[in-house]
Amino acid sequence: MANIRDIAKLTGYSVSTISRVINNNPYVDEQKRQEILRVMEQVNYIPNHTARVLSSGKTKNIGVILPFVNHPYFDILLSGITASAFSRGYKVTLLPTRYEPEMEEKYLQEFAAKGFDALIITSRANPLEKLLPYRAYGRIVFCEKIDSVQDGCTYIDREQSIREVFAYLKENGIERIGITLGRSRKLSSNSKITVRLCQEYFPAFTEELIFWDCLTEEDGREAAAFFADKNVQAIFTNGDQVAAGIKLASSSERLLIGRDNLFISEVLQLSTIDYHLHECGEMALKLAIQEEQGSIRIPYTFIKRRGLEHT
């Protein structure tokens, strides 16, 4: 199999010139470039990936830390990241953590060893104090608002979106609500915001009206049983799949509101919040490769649907 020195001999150009062509360096005469590429094709030369990385200092690989690869929220976010990456010649490596801090730290160490050009952290398992020092090794983008990070965040204004939902519920005479949430409130800023605003808008709210560790439609069915005797007028869920599970497993007349604007929410005519996650993913990639700078908010849309929003 031919190597870079063979190409140099066959073309009469130096190894450094061949290397510049391989790495798409713009400072190569176009005639030379085409001649070298033609010879490379004739001898079926395949550039050594490791050598290219060492030469350019770039892997063209973006690592994406996420808890799950089979959840609608992260699936939509990933669709934006991958579409944006592939159109720019980058590949994406998925780094699932299952919210295990040790696994996340392992990926961070891989990043520090130059395994990726940049990291996108869609949802974290470790506290910020553990993550922020790794920014010394390269570009890290967070999919959340972090006041201390002025460059490298893309986020949804979750607090404002929840305030809009709760104001809507109050306007409709709702005084007692239940909520479903995902993982422990100790780690999730989303959970902390939701609980705080529940206490602010609904004085009767207590943490006994939270159904935790709720992620799937099946979890939603369990939540329906949980809320059966809780005397709540509405349930604000952490996802449309969860809201659908509650609706399908319950015969009560409670307002249901989901999140993410999945197709199932349209079918069941559930009110929901569209966080425009695809756009959030696209922006995360642009920040990762530094096409964009700063801390960038993605707008949300509260979708109020008629008719079957009661369950």
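Residues numbered from 1 in each chain as written. Predicted model: local features only at pLDDT ≥ 70, side-chain atom pairs only at ≥ 80, totals over all residues. Heavy atoms only, no water.

Visitor: Explain the packing of aromatic side chains here, please?
Guide: Taken as a whole, this structure holds 11 aromatic pairs when the rule is applied. On the basis of an interplanar angle of 85° and a centroid distance of 5.7 Å, the ring pair of F68 and Y99 is categorised as edge-to-face. You can see F68 sitting in the loop between β1 (61-66) and α5 (72-86) and its partner Y99 sitting in the loop between β2 (91-96) and α6 (101-112), a full 31 residues away along the chain. Aromatic rings pair up to connect F68, Y73, F74 and Y99 into one cluster. Taking NZ or CZ as reference, K145 lies 5.6 Å from the ring centre of Y155, over its face. The lysine or arginine in question, R158, covers the ring of Y275, its NZ or CZ lying 4.9 Å from the ring centre. (Phe/Tyr/Trp six-rings, centres within 6.5 Å; stacked < 30°, edge-to-face > 60°. Helix = DSSP H or I, 4+ residues; strand = E, 2+ residues; numbered from the N terminus. Lys NZ or Arg CZ within 6 Å of the ring centre and 35° of its normal.)

Visitor: Mind showing me how you'd approach the packing of helix α1 (residues 4-11) against helix α2 (residues 15-22) here?
Guide: Helix-helix packing: each pair is described by the crossing angle between the helix axes and the interaxial distance. It is at 9 Å that the axes of α1 and α2 come closest, and there the two elements cross at 110°. Relative to α2, the element α1 lies roughly perpendicular. Pair α1 / α2 crosses with right-handed handedness. Residues I4, R5, I7, A8 and T11 of α1 pack against V15, I18, S19 and I22 of α2. Residues that form the contact of α1 with α2 fall into these classes: six nonpolar, two polar and one charged. (Axes fitted to C-alpha atoms, helices over the stretch in contact; angles between N-to-C directions. Parallel < 35°, antiparallel > 145°, perpendicular 65-115°, else oblique. Left-handed = near helix turned anticlockwise from the far one by under 90°. Contact = heavy atoms within 4.5 Å. Nonpolar A, V, L, I, M, F, W, Y, C, P; charged D, E, K, R; others polar.)

Visitor: Please clarify how the domain arrangement of the protein chain should be interpreted in this entry.
Guide: One frequent convention defines the size of an interface as the accessible area lost when the parts assemble. The domain architecture assigned to the protein chain consists of domain 1 (2-42), domain 2 (59-155 + 275-298) and domain 3 (156-272). If you average the C-alpha positions of domain 2 and of domain 3, the two centres end up 27 Å apart. With 16 residues of domain 2 at the contact, the number on the domain 3 side is 12 residues. Counting each side, the surface lost to burial between domain 2 and domain 3 is near 1,300 Å², with a carbon and sulfur contribution of 58%. Linking domain 2 to domain 3 there are three residue pairs in polar contact (both at pLDDT 80 or more). Taken together, the elements giving at least two residues each to the side of domain 2 that touches domain 3 come down to α5, α13 (277-288) and β11 (295-298). (Domains from an automatic or database assignment. Buried area = accessible area lost by both parts, 1.4 Å probe. Polar contact = N/O pair within 3.5 Å; in protein donor to acceptor, adjacent residues only side chain to side chain.)

Visitor: In this structure, what is going on with unusual backbone geometry? I would like to understand it.
Guide: The phi angle of most residues is negative, glycine excepted, and most peptide bonds adopt the trans form. Its identity is not glycine, yet D213 carries a phi of approximately 55°, on the positive side. With respect to the element layout, D213 can be found in the loop between β7 (210-211) and α10 (217-227). Although it is not a glycine, H276 adopts a positive phi angle of roughly 50°. Mapped onto the elements of the fold, H276 is located in the loop between β10 (271-274) and α13.

Visitor: Could you clarify how one ought to interpret the packing of α1 against helix α3 (residues 30-42) in this entry?
Guide: The interhelical angle for the contact between α1 and α3, taken along N-to-C directions, is 120°, at an axis separation of 10 Å. By the angle between their directions, the pair α1 and α3 is classed as oblique. Every pair of crossing elements has a handedness; the one defined by α1 and α3 is right-handed. Residues I7, L10 and T11 of α1 lie in contact with α3, whose contacting residues are E35, I36, V39 and M40. When the residues that make up the contact of α1 with α3 are grouped by side-chain class, the tally is five nonpolar, one polar and one charged.

Visitor: Which parts of the structure should I look at to understand the sheet that holds strand β8 (residues 234-236)?
Guide: To summarise the sheet geometry, strands pair through backbone hydrogen bonds and adopt either a parallel or an antiparallel arrangement. Reading across the sheet, the six strands line up as β7-β6-β8-β9-β10-β12 and stay open at both edges, with mixed pairing between neighbours. What marks the edges here is a single partner per strand, and that holds for β7 and β12 (301-303). Alignment of β10 against β12, held across three bridges, turns out to be antiparallel. For T272, the partnering residue across the bridge sits in β12 and is I303. Against the sheet, helix α11 (residues 240-249) contacts β6 (177-180), β8, β9 (255-259) and β10, and its axis sits at roughly 155° relative to β9. (Pairing = 2+ DSSP bridges.)

Visitor: Teacher, can you tell me more about the layout of surface pockets here?
Guide: Remark: the empty space left among the atoms is shown by a probe the size of a water molecule rolled over them. In this structure, the largest pocket spans a volume of roughly 800 Å³. Considering the residues around the largest pocket, the lining is formed by 32 residues, among which S123, R158, S188, S189 and N190 are closest to the centre. Mapped by element, the contributors of at least two residues to the lining of the largest pocket are α5, β5 (153-156), α8 (158-171) and α9 (189-201). Examining the composition of the lining of the largest pocket, we find that five residues originate from one element, α9, more than from any other. Taken together, the residues of the lining of the largest pocket sort by class into 12 nonpolar, nine polar and 11 charged. Lining the lining of the largest pocket are residues from two domains, each supplying at least three of them: domain 2 (59-155 + 275-298) and domain 3 (156-272). Its boundaries defined by the atoms lining it, the second largest pocket holds a volume of some 260 Å³. In terms of lining, the second largest pocket is formed by 16 residues, of which the most central are K58, F116, D117, A118 and R139. Classifying every residue of the lining of the second largest pocket gives eight nonpolar, four polar and four charged. (1 Å grid on protein atoms, 1.4 Å probe; cavity = no way out; pocket = protein on both sides within 12 Å on 5 of 7 lines; lining within 4 Å. Points joined across faces, edges and corners; volume = space filled by probe spheres on them.)

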